[in-house]
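Per-entry structural report
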Amino acid sequence: MRTIDANAAARDLLAELASPLDRELLDRTGNGDGVYNLGDLLAHLDRTGQVLSSAISAQLLSAPSSLSQPIQLKKPPTSRR
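These numbers come from a predicted model, not from an experiment. (Residues numbered from 1 in each chain as written. Predicted model: local features only at pLDDT ≥ 70, side-chain atom pairs only at ≥ 80, totals over all residues. Heavy atoms only, no water.)

**Here's the deal with the environment of Thr-29**
Topologically, Thr-29 is positioned in the loop between α2 (20-28) and β1 (35-37). Using a relative accessible area of 22% as the deciding quantity, one classes Thr-29 as partly exposed. Counting along the chain gives 18 residues from Thr-29 to Arg-47, while the straight-line C-alpha distance between them is 9.1 Å. Of note is the side chain of Thr-29, whose polar atom sits 3.4 Å from the backbone oxygen of Leu-26. (Helix = DSSP H or I, 4+ residues; strand = E, 2+ residues; numbered from the N terminus. Buried < 20%, exposed > 50% of the residue type's maximum accessible area, 1.4 Å probe, protein only. Polar contact = N/O pair within 3.5 Å; in protein donor to acceptor, adjacent residues only side chain to side chain.)

Below you can see the structure in the form of structure tokens.
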């Protein structure tokens, strides 16, 4: 399995930076509710043993408790016949 940098994953909660594929992986290995959120990040930290930088930790602590990012991938347009 591919490892995602925990600081990059945390920054994505603060501003959309990660790819939808990364969000999907983080959610799937977190709680699998279809939304990448803080619980998924915490599960990622626990599973990988990574530690957030103090700057990112401070930003997360001062952010709203409802941090989340959608993980839906853009679907290709359907062809009409």
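**Topic: the nonpolar core**
Membership of the largest hydrophobic core comes to 15 residues, with the highest contact counts inside it found for Ala-9, Ala-10, Leu-13, Tyr-36, Leu-41, Leu-52 and Leu-60. Counting only elements with at least two residues in this core, the list comes to α1 (6-14), α2, α3 (38-48) and α4 (54-61). For this core, the leading source of residues is α1, giving four residues. (Core = buried A, V, L, I, M, F, W, Y, C linked by side-chain atoms within 4.5 Å.)

**Quick word on the confidence of the model for the chain**
When pLDDT is averaged along the chain, the result is 80; 80% of the residues meet or exceed 70. Taken element by element, the chain is modelled with least confidence in strand β2 (residues 68-70), mean pLDDT 70, and with most confidence in α3, mean pLDDT 91. (pLDDT = per-residue confidence, 0-100.)

**Re the side chain of Asp-22**
Note that Asp-22 resides in helix α2. If near-sequence neighbours (up to four positions away) are discounted, Asp-22 is found in contact with Arg-2 and Ile-4. (Contact = heavy atoms within 4.5 Å.)

**A closer look at the pattern of salt bridges**
Between side chains of opposite charge, pairing is possible as soon as their charged atoms come close. In total, this model carries one salt bridge according to the counting rule given. Put simply, Arg-23 and Asp-12 hold a salt bridge, and the shortest N to O gap is 2.8 Å. Placement of the pair is Arg-23 in helix α2 and Asp-12 in helix α1, with a sequence separation of 11 residues. Taking the relative accessible area as the measure of exposure, Arg-23 reaches 6% and is therefore buried. (Salt bridge = Lys/Arg side-chain N within 4 Å of Asp/Glu carboxyl O.)

**Brief notes about the packing of α1 against α4**
Contact geometry for α1 and α4: axes closest at 10 Å, N-to-C directions at 30°. It follows that α1 is roughly parallel to α4 by the angle criterion. Crossing angle aside, the handedness with which α1 passes α4 is left-handed. Residues Asn-7, Ala-10, Arg-11, Leu-13 and Leu-14 of α1 form the contact with α4, whose own contacting residues are Ile-56, Gln-59 and Leu-60. (Axes fitted to C-alpha atoms, helices over the stretch in contact; angles between N-to-C directions. Parallel < 35°, antiparallel > 145°, perpendicular 65-115°, else oblique. Left-handed = near helix turned anticlockwise from the far one by under 90°.)

**A look at the packing of α1 against α3**
Where α1 meets α3, the closest approach of the two axes is 10 Å, and the angle between their N-to-C directions is 175°. Judged on the interaxial angle alone, α3 and α1 are roughly antiparallel. Packed against α1, whose contacting residues are Ala-6, Ala-9, Ala-10 and Leu-13, the element α3 presents Leu-38, Leu-41, His-44 and Leu-45 at the interface. Here the residues of the contact of α1 with α3 are counted per class, giving seven nonpolar, one polar and no charged. (Nonpolar A, V, L, I, M, F, W, Y, C, P; charged D, E, K, R; others polar.)

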